[in-house]
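Coordinate analysis (summary)
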Amino acid sequence: MLSVAFHTMGLLCSRHQHHDEAEIEENTQAAEIERRIEQESKAEKHIQKLLLLGAGESGKSTLFKQARLRPIKLLFQTGFDEAELRSYISVIHANVYQTIKILHDGSKELAQNEADSSKYVLSLENKDIGEKLSDIGGRLDYPRLTKELAQEIETLWNDAAIQETYSRGNELQIPDSAHYFMENLQRLSDMNYVPTKEDVLYARVRTTGVVEIQFSPVGENKKSGEVYRLFDVGGQRNERRKWIHLFEGVSAVIFCAAISEYDQMLFEDENKNRMLETRELFEWVLKQPCFEKTSFMLFLNKFDIFEEKVLKVPLNVCEWFKDYQPVSSGKQEIEHAYEFVKKKFEEVYFQCTAPTRVDRVFKIYRTTALDQKVVKKTFKLVDETLRRRNLFEAGLL
Amino acid sequence: MGSCAVDGGCPSDYVAVAISSVSMILLLMRSLLPFLIHKVPHVKGSGFWLSAIQVFASFNLLVSIVVSLRFLKFERRHRWQSCYIWEAWIEGPLGFGLLLSCRIAQAYQLYFIFVKRRLPPIRTFVFLPLILLPWIAAATLIHTRRRLNVRCHMKTLWIIPATCLHAFYVIPLVGYTAAIRHIEFRFHEVKDLWRGILVAAASVAIWVAAYILNEIHEDIAWLQVSSRFVLLITTSVFVLIFFSISSSQPLLSQISLRKREPREVVTMGRALGIPDSGLLLERGPNPLVDPNEALDKLLENKRFRQSFMAFADSCLAGENVHFYEEVHELGKIPLDDPVRRIYMTRYIIQKYIVAGAPMEVNISHQTRQGILCTTDLAHPNLFKDAMHELLQLMTMNLAKDYWSSMFFMELKEEISMRQDGQELEHFEGRNFSPRLSFVENSDDPFHPENASKVSTFDSHDSTLR
């Protein structure tokens, strides 16, 4: 843009041109500048359609919530005000009841089926509490979480059998937020409890159907007319047949992959490993004809859980990572494991990308969707990438 | 006469071929009628494929008889006219054998579902090849031992086992049909099966006679011509009468019969005679819809359910509400009517539960397996767990957005206007949903018959674009 301006100025300032010729050339140049300004502003005001895709529980909705929590100008919807935060109380309480029920029923199942069953048997005094809480968890209408109930849940949570069951959590469908909510029970059961933003991010609800927000990111250039339409979808298998309705005209796909799930099975099919499912899904999405020119942002999510898990559970329990060799320990090992996983995803990307599509944008980001700072930074990077691509497409770069 | 008896091309041959072509066309029309005229969407699953394979097998059977018995005269023999291909393979494992195996598979399914009250343990696509194995073995034997002569006739000694194999396959059909004869089916399943058995038995008897005459007396020209004429005509009639879709697709066969009301979309509920459901509180001072009430109570109200369903459909989550409605309809069938319950259950399972179903719902693995592996399809609480999970899903994920959507505003207006006795306003162009700003329904599985667009923020959009 600047080079054009200089060139124009040079032309305009030149005195050694023939009058007629100069005039004609001036007009042509001016028309050219006009056209390019128009193009650029059109490119800037472009509405970008972003899709959040990924398998179930990969963190799509949490990122979606983050987009709503950020100080951005939301169009037509409100951000998270106190009323909205309060509306999450029932969800958080439901999560608590569901979690303790899964743990209790899981411990009973393990006590029946395992050889070493004694360590999964609840202590005598907690048996009644367990049955009562399991019963509550099986209802449709949950009671409000009172201090008494919270105390009982905490007692059960601290039972050795439940802790043993929790350590086998990868075989049951225990939500990732289990530990967080169990450790904060006293606060959650307070009479005047208002969920914090962190609580809201941890609250787990399966998404069904499609949800959308439109927003305009507030950056240094406040005059920016950039508008994003961000779509969140359900990740379970039955939800994926609905994705096809959204595939037209997508600027970027944000594909979420929870890298901590390499030892877990699907909610909808307990015979399938989650990481393998994510790989197949990623391959499928990459090969979609609609996404020929679409940018791909791969979010390798749940890094916080990955960090802890990778030192205890080797990566090669997952068939896809069976050639992984640990090299050291501690932070170095975590980084090494992460780089290995990242490389695997890159391999899949290049295997599934035809030579004609090789120039589409592909970026990988390490994220923890719960971390507000990390996500804010990542969204900013995504925003920059998309703008640059936009200008490039408009022929201005 | 002499030469055409050997080489084909007698006038009676052409007449027989014409009749068999007509019967094939009629068969195709019968099988495609519900799909074309009533625009029923393509239904996945073994039901559809069994009917399709029956049509394919019928076609094979007719063509194999035409070619192997030399109805048509060809200038020279081509390789594809080989006797072994047509007589041994296409007539047997891909023709008559396949046809009867399909019906046996259908009867087997009905037996397990209605008598044993559970889903068949062996999937159809495994069961069908299994029962075709004897045919494949027989065809291989004939082919390798070269038991056919130049005129595609079998040696006398081999005719008996071949005929026995044909007749033998009618027996399991009789067996399964007898086991389900006491069930009061809602559609014409048993009637069709008995009809099929009768026709198959009669046809086999006539074939045996014509076939034996055709094979044995190769030298008598008029016998050759007339016996093969009878053979082809009998087969043409057989395939037409034998075909039925009621055993595997009772609802579709019902649709094809209701020619007088082509526009009415037949639901399984209506086909089974379940009355329309839901309270409709039009009078009374109490508010119809209270957001604080539990969702399952609210959904019992038909008007609310319709509004909520429209909202859910608009954000591509409609299967949850449709599932609720159909399970609700199932609940209205009395427990002492297990046959109707089983029809409805099977329909719900195929539409909502099976992996890859057209409106598959979002339930856990354990819940799904619990339904698919049940030992009692008529059990009243079969869908209880699934219902529970989905109601929770709807309460936590959909309901919140519904209360702030235009669908709910419209409902409130409608109620208050009804209470005031006023005419309802027309709410065009104001479809607002906090979930989606633009939905294009051209390929919508929930509304296949219309391609409507629900667009919002029209005035805002125009300033942005």
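What counts and how
Residues numbered from 1 in each chain as written. Chains lettered and ligands numbered in written order. Predicted model: local features only at pLDDT ≥ 70, side-chain atom pairs only at ≥ 80, totals over all residues. Heavy atoms only, no water. UniProt positions renumbered as here; feature names shortened; annotations may be inferred. Helix = DSSP H or I, 4+ residues; strand = E, 2+ residues; numbered from the N terminus. Buried < 20%, exposed > 50% of the residue type's maximum accessible area, 1.4 Å probe, protein only. Contact = heavy atoms within 4.5 Å. Areas by Shrake-Rupley, 256 points an atom, 1.4 Å probe, with all protein chains shown as cover. Axes fitted to C-alpha atoms, helices over the stretch in contact; angles between N-to-C directions. Parallel < 35°, antiparallel > 145°, perpendicular 65-115°, else oblique. Nonpolar A, V, L, I, M, F, W, Y, C, P; charged D, E, K, R; others polar. Buried area = accessible area lost by both parts, 1.4 Å probe. Salt bridge = Lys/Arg side-chain N within 4 Å of Asp/Glu carboxyl O. Domains from an automatic or database assignment. Polar contact = N/O pair within 3.5 Å; in protein donor to acceptor, adjacent residues only side chain to side chain. Patch = residues over 30% accessible without salt bridge, like charges linked within 9 Å, V, L, I, M, F, W, Y side chains within 5 Å. Lys, Arg positive; Asp, Glu negative; His and termini not counted. Charge placed at Lys NZ, Arg CZ, Asp CG, Glu CD. pLDDT = per-residue confidence, 0-100. Core = buried A, V, L, I, M, F, W, Y, C linked by side-chain atoms within 4.5 Å. Phe/Tyr/Trp six-rings, centres within 6.5 Å; stacked < 30°, edge-to-face > 60°.

The name that an unreviewed UniProt entry assigns to chain B is RGS domain, with the source organism given as Dillenia turbinata.

In the nomenclature of an unreviewed UniProt entry, chain A is known as Guanine nucleotide-binding protein alpha subunit of Dillenia turbinata. Recorded under Sequence similarities (unreviewed entry), the UniProt text for chain A is reproduced unchanged: "Belongs to the G-alpha family."

1. Re the overall build of chain B
Regarding its fold elements, chain B presents 20 helices and 2 strands. Scored against the burial criterion, the 465 residues of chain B give a buried share of 51%. Taking the contacts inside chain B whose residues are at least 6 apart along the sequence as the reference set, 72% of them involve residues at least 24 apart. Split by element, the accessible area of chain B, about 22,400 Å² in all, is 62% carbon and sulfur.

2. Comments concerning the packing of helix H15 (residues 319–331) of chain B against helix H16 (residues 338–353) of chain B
Residue and element names in this part refer to chain B. At a minimum axis distance of 10 Å, the contact between H15 and H16 shows a crossing angle of 170 degrees. Regarding the angle of H15 to H16, the classification is roughly antiparallel. Here H15 contributes Glu319, His322, Phe323, Glu326, Val327, Glu329 and Leu330 to the contact with H16, which in turn contributes Arg341, Met344, Thr345, Tyr347, Ile348, Lys351, Tyr352 and Ile353. Class assignment of the residues belonging to the contact of H15 with H16 gives a composition of 8 nonpolar, 2 polar and 5 charged.

3. Considering the UniProt feature "binding site: Mg(2+)" (unreviewed entry) in chain A
Following the UniProt record, one finds the feature "binding site: Mg(2+)" (unreviewed entry) at Ser61(A) and Thr207(A). The greatest C-alpha distance among the annotated residues, which extend across 147 residues, is 7.5 Å, indicating that they converge on a single site. Mapped onto the fold, Ser61(A) is located in helix H3 (residues 60–69). With respect to the element layout, Thr207(A) can be found in the loop between helix H11 (197–202) and strand S3 (210–216). A relative accessible area of 8% places Thr207(A) in the buried class. Not counting chain neighbours up to four residues away, the residues in contact with Thr207(A) comprise Ser61(A), Asp232(A), Val233(A), Gly234(A), Gln236(A), Glu239(A), Asn362(B) and Asn397(B).

4. Remarks on helix H4 (residues 83–90) of chain B
Every α-helix carries 3.6 residues per turn, so stepping three or four residues along brings you back to the same face. Counting buried residues in H4(B) gives 6 out of 8 residues, a clear majority hidden from the surface. Cys83(B), Tyr84(B), Trp86(B), Glu87(B), Ala88(B) and Ile90(B) are the residues of H4(B) that are buried.

5. Observations regarding the interface of chain A and chain B
Across the boundary between the two partners, chain A contributes 40 residues, which contact 41 residues of chain B. Summed over both partners, the interface of chain A with chain B comes to about 3,200 Å²; 53% of that surface belongs to carbon and sulfur atoms. The salt bridge involving Glu319(B) is made with Lys242(A); its shortest N-O contact spans 2.7 Å. When grouped by side-chain class, the residues that make up the side of chain A that touches chain B number 13 nonpolar, 13 polar and 14 charged.

6. Examining the domain arrangement of chain B
All names here are of chain B. Taken domain by domain, chain B comprises domain 1 (2–254), domain 2 (295–409) and domain 3 (437–465). In this assembly, 19 residues from domain 1 lie in contact with 15 residues from domain 2. For the pair domain 1 and domain 2, the summed buried area comes to about 1,400 Å², and 63% of that belongs to carbon and sulfur atoms. In terms of surface lost to domain 2, no three residues of domain 1 exceed Phe114, Arg117 and Leu119, which account for 43% of the buried area on that side. If you look at where domain 1 meets domain 2, you find 1 salt bridge. Across the domain 1-domain 2 interface, the total number found is 3 residue pairs in polar contact (both at pLDDT 80 or more). Those elements that place two or more of their residues in the side of domain 1 that touches domain 2 are helix H5 (92–115) and helix H11 (250–257). The dominant element in the side of domain 1 that touches domain 2, judged by the number of residues it contributes, is H5, at 4 residues. Taken together, the residues of the side of domain 1 that touches domain 2 break down into 9 nonpolar, 3 polar and 7 charged.

7. Things to note about a negative patch on the surface
Residue and element names in this part refer to chain A. Residues Glu21, Glu23, Glu25 and Glu26 make up a contiguous surface patch of negative charge. Along the chain, glutamate 25 turns up in helix H2 (residues 19–44). We classify glutamate 25 as partly exposed; its relative accessible area is 33%.

8. A few points about the confidence of the model for chain A
Low pLDDT marks stretches whose predicted atomic positions should not be read closely. Residues with a pLDDT of 70 or more make up 87% of chain A, whose mean pLDDT is 84. At the level of individual helices and strands, chain A shows its lowest average pLDDT in strand S2 (residues 73–75) of chain A, which scores 47, and its highest in helix H13 (residues 274–286) of chain A, which scores 95.

9. Comments concerning the environment of Lys351(B)
Residues and elements named next belong to chain B. Mapped onto the elements, lysine 351 comes out in helix H16. Contact partners of lysine 351, with chain neighbours within four places excluded, come to Glu326, Ala357, Pro358, Met359 and Glu360. At a separation of 2.9 Å, a polar atom in the side chain of lysine 351 contacts the side chain of glutamate 326.

10. Some points on the nonpolar core
Ranked by internal contacts, the top residues of the largest apolar core, which has 109 residues, are Phe238(B), Phe323(B) and Phe383(B). Ranked by residue count, the leading element in this core is H5(B), at 14 residues. Among the domains, domain 1 (2–254) and domain 2 (295–409) of chain B are the pair contributing at least three residues each to this core. Leave out the neighbours within four places in its chain, and Phe238(B) touches Leu61(B), Phe96(B), Leu99(B), Leu100(B), Val199(B), Ala200(B), Ser203(B) and Trp207(B). If you look at the next biggest cluster of nonpolar residues, it comprises 45 residues, including Val210(A), Tyr262(A), Leu276(A) and Leu286(A).

11. Describing the packing of aromatic side chains
Going through the model one piece at a time under the given rule, you end up with 43 aromatic pairs over all chains. Ring centres 5.5 Å apart and planes at 70 degrees place the aromatic pair Phe299(A) and Tyr365(A) in the edge-to-face group. Remark: Tyr365(A) occurs in strand S7 (residues 362–366) and Phe299(A) occurs in strand S6 (residues 295–301); sequence separation between them is 66 residues. Neither residue differs from the other here; Phe299(A) and Tyr365(A) are each classed as buried. Note on Phe96(B) and Trp135(B): the rings are 6.0 Å apart at their centroids and 65 degrees apart in plane angle, and the pair reads as edge-to-face.

12. So, the environment of Ala167(B)
Its location among the elements puts Ala167(B) in helix H7 (residues 156–168). Along the primary structure Ala167(B) and Trp194(B) are separated by 27 residues, whereas in three dimensions their C-alpha atoms are 15 Å apart.

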